[in-house]
Amino acid sequence: MELNVATELKLAGTIGHSELTERFTDLELNGRQIVLTEPVRVDVSWSFDGDGFTLSGTLSSAVLMNCTKCNDEFIEAFSVDFTERFLRVGEAEAEELECYPYSGDVLVLDKMVEDLVLLNAPMYGLCRPDCRGLCPICGTNLNNTQCSCTLPDEGNPFAALKELKELLKDD
Ligand SMILES: [Zn+2]
Ligand SMILES: [Zn+2]
């Protein structure tokens, strides 16, 4: 994803605006695969202040997730507002200054897009607010089917212990 900034580079203070859309391949963060189900959309304004570029706008896409309760796959859209700096420096220096490097009259946005996605894509969630999850006994997805398992005392963790105590008392 690139921005041609030749015009703004010649005329400091001029504000450029663009809406960019590009499909990004799957990204990885700490071993977690982030699958984007929609192209990344970036709505961005930028200007050159004589020193570097300030970009601000909104990035949006959608990510494939697994429900934390029933493990079903679902798609969650997300969007994030951002403001980032681009300076004409080397990569190492850019990292130190917490900005992105550029050269010539083109800003390459790929690294910025990847960072924004990795930092802002939702990681945990429910497939729907009232997800019923899985039956703890047989593993049936209770959103789809009702199994015939009966939970002791409606999921009270102390119920089993109480039953055991009763049994011991009888002996
Ligand atoms: Zn679910
Ligand atoms: Zn069950």
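These numbers come from a predicted model, not from an experiment.

### What to know about the overall build of the protein
And step 1. Tallying secondary structure elements over the protein gives 4 helices and 9 strands in all.
And step 2. Scanning the protein from its N terminus toward the C terminus, one meets helices and strands in the order β-α-β-β-β-β-β-β-α-β-β-α-α.
And step 3. The principal-axis extent of the C-alpha atoms belonging to the protein is close to 90 × 30 × 25 Å.
And step 4. Split into buried and exposed, the 171 residues of the protein put 14% on the buried side.
And step 5. Here the contacts in the protein between residues at least 6 apart in sequence split such that 52% fall between residues at least 24 apart.

### Points about the pairing of strand S7 (residues 73–87)
Both faces of the sheet carry side chains from a regular strand, because those side chains alternate between them.
And step 1. Of the pairings in the sheet, the one linking strand S6 (residues 52–66) to S7 comprises 15 bridges and is antiparallel in character. Bridge pairing in S7 places threonine 54 opposite arginine 85.
And step 2. Counted between consecutive antiparallel strands, the loop separating S6 from S7 contains 6 residues, among which asparagine 71 sits at a positive phi close to 70 degrees.
And step 3. Pairing geometry for S7 and strand S8 (residues 100–101), over 2 bridges, is parallel.

### Remarks on the environment of threonine 150
And step 1. Counting through the fold element by element, threonine 150 comes out in the loop between helix H3 (110–120) and helix H4 (159–170).
And step 2. Spatially, the C-alpha atom of threonine 150 lies 15 Å from that of glycine 133, the residues being 17 residues apart in sequence.

### A word on unusual backbone geometry
And step 1. Positive phi outside glycine occurs at asparagine 71, with the angle close to 70 degrees.
And step 2. Along the chain, asparagine 71 turns up in the loop between S6 and S7.
And step 3. Classification of asparagine 71 by C-beta neighbours within 10 Å gives exposed; the count is 12.
And step 4. Positioned with a positive phi, glutamate 98 is a non-glycine residue whose angle comes to about 55 degrees.
And step 5. Tracing the sequence through the fold places glutamate 98 in the loop between helix H2 (91–96) and S8.

### Some details on the sheet that holds S8
And step 1. Spatially, 5 strands are ordered S2-S5-S6-S7-S8 in an open sheet, and the strand pairing comes out mixed. The sheet terminates laterally at strand S2 (15–22) and S8, the two strands that pair on one side only.
And step 2. Note: strand S5 (residues 40–48) against S6, 8 bridges, orientation antiparallel. Across the sheet, phenylalanine 48 pairs through a bridge with phenylalanine 53, a residue of S6.
And step 3. The strands touched by H3 within the sheet are S5, S6, S7 and S8, with S7 carrying the most contacts at an inclination of about 130 degrees.

The rules behind each value
- Residue positions are given per chain, counted from 1 along the sequence in the order it is written.
- Labels are handed out in written order, letters beginning with A for the chains and numbers beginning with 1 for the ligands.
- Given that this is a predicted model, residues contribute local features only at a pLDDT of at least 70 and side-chain atom pairs are listed and counted only at 80 or more, while totals for whole chains, interfaces and linings are drawn from all residues.
- Helix numbers and strand numbers start at the N terminus; a helix is a DSSP run of H or I with at least 4 residues, a strand a run of E with at least 2.
- Between the buried cut of 20 or more and the exposed cut of 12 or fewer other C-beta atoms within 10 Å of a residue's own C-beta lies the partly exposed class, and all C-beta atoms are placed from the backbone.
- Think of it this way: build a C-beta for each residue from its backbone, and any pair within 7 Å is a contact.
- Paired strands are those between which DSSP finds at least two bridges.
- Lines fitted to C-alpha atoms define the axes here, with helix axes fitted over just the stretch in contact, and angles between the N-to-C directions of these axes take values from 0 to 180 degrees.

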